[in-house]
Amino acid sequence: MSHIVRQREQLSIRHVASGDLKHVRHIFERTTSEDRYCRFFQFKDELDDAALLQFVDFGTGIVGLLAFDGATPVGMAHAWVDEFGAAELGVIVSGDVRRRGVGLMLIESLLDELRARAVQELFAYALGENAAFAALARRLGMTRQSVEDGVATFRLALA
Ligand SMILES: CC(C)(COP(=O)(O)OP(=O)(O)OC[C@H]1O[C@@H](n2cnc3c(N)ncnc32)[C@H](O)[C@@H]1OP(=O)(O)O)[C@@H](O)C(=O)NCCC(=O)NCCS
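Bear in mind the structure is a predicted one, so any value in this text is a computation, not a measurement.

Procedures and definitions
- Residues numbered from 1 in each chain as written.
- Predicted model: local features only at pLDDT ≥ 70, side-chain atom pairs only at ≥ 80, totals over all residues.
- Near = placed C-beta within 6 Å.
- Helix = DSSP H or I, 4+ residues; strand = E, 2+ residues; numbered from the N terminus.
- Nonpolar A, V, L, I, M, F, W, Y, C, P; charged D, E, K, R; others polar.
- Core = buried A, V, L, I, M, F, W, Y, C linked by C-beta atoms within 7 Å.
- Buried ≥ 20, exposed ≤ 12 C-beta atoms within 10 Å, placed from the backbone.
- Contact = placed C-beta atoms within 7 Å.
- Arc of directions from axis to C-beta.
- Pairing = 2+ DSSP bridges.
- Right-handed = clockwise from strand over helix to strand, strands pointing away.

J.: What is the right way to read the site of the ligand from this model?
T.: The immediate surroundings of the ligand are formed by 23 residues, with C38, G103, L104, A132 and A135 found nearest. Every element with two or more residues in the shell around the ligand is listed here: helix 2 (33–40), strand 5 (86–93), helix 4 (102–116), strand 6 (121–127) and helix 5 (131–139). A class-by-class count of the residues in the shell around the ligand yields 13 nonpolar, 4 polar and 6 charged.

Quick look at the structure:
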């Protein structure tokens, strides 16, 4: 079990570890097709282990964090670091724990991890109508930039 990187009352954040496939599955099973479309721009209704393994089993260029409410997994965030020192964010929170600060805590923890790796910039793609992510991004100080084909780009300088 990897160590806790952030804790607030019952909520804790830790790195994804091998053996977390069941936790990732638990979170995905508590999201709707629409949620998953917001995250992946595909409905991703196929939740087999092969499809979920990419969120658990990845190389050193990816940072993955899981959020727990007590012992229950409630959300995850990943950052894919590119060769230019920028990282792309992906985040999803179980439908039954929204608006309790899980997404915010996950991304704030991810930002700490990325700064420790000297990553210069975080960016994210979200559907133009994804009001929840737009509000969360604003709260984090991310700037909404171009909207292309209905997809908005958000950026945050980490220096
Ligand atoms: C976007 C998402 C991750 C937010 O997770 P969350 O845990 O509910 O967000 P938080 O509780 O941490 O919200 C933090 C702040 O963001 C803003 N916010 C989050 N969701 C919001 C919503 N639905 N409406 C308005 N503001 C919202 C608020 O300012 C909120 O603070 P407040 O509750 O004190 O007002 C979640 O809705 C989700 O998983 N959506 C589906 C996947 C997705 O869209 N991913 C983004 C693309 S990668």
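J.: What exactly am I supposed to notice about the nonpolar core here?
T.: Where a protein is soluble and globular, its nonpolar side chains tend to be buried together. Membership of the largest hydrophobic core comes to 36 residues, with the highest contact counts inside it found for L65, M76, L106 and L110. Listing elements by their share of this core, those giving two or more residues are helix 1 (21–28), strand 3 (62–69), strand 4 (72–81), strand 5, helix 4, strand 6 and helix 5. Per element, the largest residue contribution to this core is 7 residues, and it comes from helix 4. Aside from chain neighbours lying at most four places away, what touches L110 is V63, L65, A77 and A79.

J.: Got a minute to help me understand helix 5 in this structure?
T.: Since there are 3.6 residues in each turn of an α-helix, residues three or four apart along the chain are aligned in direction. What helix 5 keeps buried is the set F133, L136 and A137. Projected down its long axis, helix 5 shows its buried positions confined to an angular sector of 100 degrees, all on one face. Residues of helix 5 that are exposed and angled more than 90 degrees away from the buried face: A131, A135, R138 and R139. In this structure, the buried residues of helix 5 make contact with helix 2, helix 4, strand 6, strand 7 (143–148) and strand 8 (151–157).

J.: Before we go on, may I ask you to explain the pairing of strand 6 in this structure?
T.: Sheet faces and side chains relate simply in a regular strand, where the side chains alternate between the two faces. Burial along strand 6 is one-sided: L122, A124 and A126 are buried, while E121, F123, Y125 and L127, pointing the other way, are not. As paired strands, strand 5 and strand 6 are joined by 3 bridges and run parallel to one another. Considered in strand 6, the bridge of E88 is made with F123. One crossover worth recording links strand 5 to the parallel strand 6 by way of helix 4, and it is right-handed. In this sheet, strand 8 lies alongside strand 6 in antiparallel orientation, the contact comprising 7 bridges. Along strand 8, the bridge assignment pairs L122 with L156.

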